[in-house]
Amino acid sequence: MAQHKKVRKAVLPVAGLGTRFLPATKVVPKEMLPVVDKPIIQYVVDEAIEAGIEHFVFVTGRNKNVIEDYFDIQYELESTLKARNKNAELSLLSSLLPTAGTSTFTRQQEPHGLGHAVWCAREIVGHDPFALILPDMVMDAETPCLKGMMDVYEVAGGNVVSVEECDPEQAHKYGIVGVGEAIGSGFRITEMVEKPEKGTAPSNYFINGRYILQPEIFPILGKTARGAGNEIQLTDGMLTLAREQDFYGYKFDGQTFDCGSKEGFIIANVALALKRDDIRPKVENELKALIAALK
């Protein structure tokens, strides 16, 4: 096994306006909307911690201060809980709190796309490889997605993206990768195509929102012209980087919930509630009644 520089930092772009969830996101960031009883952002942070991430870089925007407050001590709340002997709740809050100095927040002043958001983290990440986690995508699996990607990275190095299968008829809607030879528990990516024409996709494996990238992506993104939607696209930057560095794929074996869409958000709440022993019986009975009423 080759030695590769350890991935210690993760970039989380959380500057989006969340327009698909208006009016709820008028004052509440979409990343703070609850899935069962935890905000969306907590699920992706938990996944990163399980993968060994030690430093979180949040790329924020205006009206996102509540995310920073969430990852801080809330003295009034903790004082009240202590006075009421709510020890379980105190322990829960303590377990979710990052170690002091391990979270950094920087601003993306203007909405110029995902590639621009990643570029905004360049001075904090520096010359280290880093994980990029799209917080809209909540993933559930026996092996956490980023942990599986780290296993591929330890063998192969380079850049790693997580992929999963879609219906081949839907491949034209996604960023698709070409599948090469097996490398450890992953595979070499032979090409990346953003929304290929119907019938031309090199596979049905699409990129699903988790990346391990080398720092050479930053100067590339700084020079990348605006692409689709008049935004700086991360995919365009990765295609340029792929001319000089290897990319590998990790086949995610689990369930992905796109909490950036209303449907995905609702399904995530239902599916993750059903995995909770404390609330499953009630939720399951209510769901059965609702489904029966549809017939």
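A short tour of the structure in this document, coming up. Everything numeric here is computed off the predicted structure, so don't read it as measured data.

Overview of the overall build of the chain
Argument step 1. Within the chain one finds 11 helices and 13 strands.
Argument step 2. A compact globule built from 295 residues should have a C-alpha radius of gyration of about 19 Å, and the chain, at 20 Å, falls within 12% of that.
Argument step 3. The principal-axis extent of the C-alpha atoms belonging to the chain is close to 60 × 55 × 40 Å.
Argument step 4. When burial is assessed residue by residue, the chain has 45% of its 295 residues classed as buried.
Argument step 5. Counted over contacts in the chain with a minimum sequence separation of 6, partners at least 24 positions apart contribute 76%.
Argument step 6. In the form shown here, the chain has an accessible surface area of approximately 15700 Å², with 51% of it arising from carbon and sulfur atoms.
Argument step 7. In the chain, 32 positive and 40 negative side-chain charges are present, and the distance between their average locations comes to 4 Å.

Things to note about the layout of surface pockets
Argument step 1. The volume enclosed by the largest pocket comes to roughly 1700 Å³.
Argument step 2. What lines the largest pocket is a set of 47 residues, among which Arg20, Leu114, Leu134, Asp136 and Glu231 lie closest to the centre.
Argument step 3. At the level of secondary structure, the elements contributing two or more residues to the lining of the largest pocket comprise α5 (114-119), β11 (205-213) and α9 (234-241).
Argument step 4. Residue contributions to the lining of the largest pocket peak at five residues, all from β11.
Argument step 5. Its residues assigned to classes, the lining of the largest pocket comprises 19 nonpolar, 14 polar and 14 charged.

Thoughts on the pairing of strand β1 (residues 9-13)
Argument step 1. Counted residue by residue, β1 has five buried out of five residues, so it is predominantly covered.
Argument step 2. Residues Lys9, Val11 and Pro13 line one face of β1 and the alternating positions Ala10 and Leu12 line the opposite face, and both faces are buried.
Argument step 3. Of the strand pairs in this sheet, β1 and strand β4 (residues 55-60) are connected by five bridges, and their pairing is parallel. Directly across from proline 13, in β4, lies its bridge partner valine 59.
Argument step 4. Both β1 and strand β6 (residues 130-133) contribute to a ladder of three bridges, which runs parallel. If you follow lysine 9 over to β6, its bridge partner there is phenylalanine 130.

With respect to the packing of helix α3 (residues 75-83) against helix α4 (residues 87-96)
Argument step 1. One can describe the packing of α3 onto α4 by two numbers: an axis separation of 8 Å at closest approach and a directional angle of 150°. Looking at the two axes, α3 sits roughly antiparallel to α4. Between α3 and α4, the contacting residues are Leu77, Glu78, Leu81 and Lys82 on the first element and Glu89, Leu90 and Leu93 on the second.
Argument step 2. Of the residues that constitute the contact of α3 with α4, the class distribution is four nonpolar, no polar and three charged.

Conventions we followed
- Residues numbered from 1 in each chain as written.
- Predicted model: local features only at pLDDT ≥ 70, side-chain atom pairs only at ≥ 80, totals over all residues.
- Heavy atoms only, no water.
- Helix = DSSP H or I, 4+ residues; strand = E, 2+ residues; numbered from the N terminus.
- Rg over C-alpha atoms; globule rule 2.2 N^0.38 Å.
- Buried < 20%, exposed > 50% of the residue type's maximum accessible area, 1.4 Å probe, protein only.
- Contact = heavy atoms within 4.5 Å.
- Areas by Shrake-Rupley, 256 points an atom, 1.4 Å probe, with all protein chains shown as cover.
- Lys, Arg positive; Asp, Glu negative; His and termini not counted.
- Charge placed at Lys NZ, Arg CZ, Asp CG, Glu CD.
- 1 Å grid on protein atoms, 1.4 Å probe; cavity = no way out; pocket = protein on both sides within 12 Å on 5 of 7 lines; lining within 4 Å.
- Points joined across faces, edges and corners; volume = space filled by probe spheres on them.
- Nonpolar A, V, L, I, M, F, W, Y, C, P; charged D, E, K, R; others polar.
- Pairing = 2+ DSSP bridges.
- Axes fitted to C-alpha atoms, helices over the stretch in contact; angles between N-to-C directions.
- Parallel < 35°, antiparallel > 145°, perpendicular 65-115°, else oblique.

Purely geometric stuff here, so don't read any function into it on its own.
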